[in-house]
Amino acid sequence: MAVLHGAAITLLAKYAVYHPTDQTLVVSLTLAVLVGAAALWSALDAWRGLPDRGKVWFISALVAGPVAGVLYVIGRALFVDQTGVSELGGALTGGAAFSALLVLIPAGLGLFVGGRVGGRAQPPSEEPRA
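Residues numbered from 1 in each chain as written. Predicted model: local features only at pLDDT ≥ 70, side-chain atom pairs only at ≥ 80, totals over all residues. Heavy atoms only, no water.

With that settled, the discussion passes to the nonpolar core. Grouped together as the largest cluster of nonpolar side chains are ten residues: Met1, Ala2, Ala38, Ala46, Trp57, Ala61, Ala64, Val103, Ala107 and Leu111. Looking at this core, the elements with two or more residues in it are helix H2 (24-48), helix H3 (53-80) and helix H4 (88-116). With residues up to four places along the chain from it excluded, the contact list for Ala107 reads Ala38, Ser42 and Trp57. Judged by nonpolar contacts, the second largest core, of five residues, contains Ala13, Tyr72, Val80 and Ala91. (Core = buried A, V, L, I, M, F, W, Y, C linked by side-chain atoms within 4.5 Å. Buried < 20%, exposed > 50% of the residue type's maximum accessible area, 1.4 Å probe, protein only. Helix = DSSP H or I, 4+ residues; strand = E, 2+ residues; numbered from the N terminus. Contact = heavy atoms within 4.5 Å.)

When pLDDT is low, close inspection of the predicted coordinates is not appropriate. Of all residues in the protein chain, 90% have pLDDT values of 70 or greater, and the mean over the chain is 88. Looking at the elements of the protein chain, mean pLDDT is at its lowest for H4, recorded as 91, and at its highest for H2, recorded as 94. (pLDDT = per-residue confidence, 0-100.)

The next subject is the UniProt feature "transmembrane region" (unreviewed entry) in the protein chain. The feature "transmembrane region" (unreviewed entry), as given by UniProt, occupies residues 26-44, 56-79 and 91-113 in the numbering adopted here. Each end of residues 26-44 is marked by a C-alpha atom, and these two atoms are 27 Å apart; helix forms 100% of the span and strand 0%. Structurally, residues 91-113 is divided into 100% helix and 0% strand, and its ends, taken at the C-alpha atoms, are 31 Å apart. (UniProt positions renumbered as here; feature names shortened; annotations may be inferred.)

If you walk through the whole model with that rule in mind, you get one aromatic pair. Pairing Trp41 with Trp57 gives two aromatic rings, centres 5.6 Å apart and planes at 85°, and the pair type is edge-to-face. You can see Trp41 sitting in helix H2 and its partner Trp57 sitting in helix H3, a full 16 residues away along the chain. By relative accessible area, which is 46% here, Trp41 ends up partly exposed. (Phe/Tyr/Trp six-rings, centres within 6.5 Å; stacked < 30°, edge-to-face > 60°.)

Right, let's get into the side chain of Thr10. Mapping Thr10 onto the fold places it in helix H1 (residues 2-18). A relative accessible area of 8% places Thr10 in the buried class. At 2.7 Å, the side chain of Thr10 forms a polar contact with the backbone oxygen of Gly6. (Polar contact = N/O pair within 3.5 Å; in protein donor to acceptor, adjacent residues only side chain to side chain.)

This part covers the packing of H1 against H2. Viewed as axis vectors pointing N to C, H1 and H2 meet at an angle of 175°, and their least axial separation amounts to 11 Å. By the angle between their axes, H1 is roughly antiparallel relative to H2. Residue-level contacts link Leu4, His5, Ala8, Leu12 and Tyr15 of H1 to Val26, Val27, Thr30, Leu34 and Ala37 of H2. Across the contact of H1 with H2, the residue classes break down as eight nonpolar, two polar and no charged. (Axes fitted to C-alpha atoms, helices over the stretch in contact; angles between N-to-C directions. Parallel < 35°, antiparallel > 145°, perpendicular 65-115°, else oblique. Nonpolar A, V, L, I, M, F, W, Y, C, P; charged D, E, K, R; others polar.)

Okay, the pattern of salt bridges next. In the structure shown here, the tally under the stated rule is two salt bridges. Across the pair Asp81 and Arg76 runs a salt bridge whose closest N-O atoms are separated by 3.4 Å. The closest approach of N and O atoms between Glu87 and Arg76, which form a salt bridge, is 4.0 Å. Taken together, the residues span a long stretch of sequence, with Glu87 in the loop between H3 and H4 and Arg76 in helix H3 at a distance of eleven residues. A single salt-bridge network, built from bridges that share partners, covers Arg76, Asp81 and Glu87. (Salt bridge = Lys/Arg side-chain N within 4 Å of Asp/Glu carboxyl O.)

Next up, the structure:
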């Protein structure tokens, strides 16, 4: 998820360079893709019945935020402009928090929905025979 978020915000920065006044649709579509990816992936985890999936997604959100911020600064320095280390502070605070929430909230929704819709049947419990 961190790589997806880092690539998405780097592409948005690149798009903003060439189209500074026409960003609304592209930003909205990018956010929809990021939310949909987290929700779908977590719903599949819930549907498959993976153990500790809530804890895994919580930790994933906490890791995805700062890693996406670092990847954004690196990607922006390489592909967009000559961004320096001075951008790292903002990317590791506000940007990381936004990315973490952009993973955590849709993942929670996906875990809820995936566990309810089309869940696999539980195996019958073994009862002792008389």
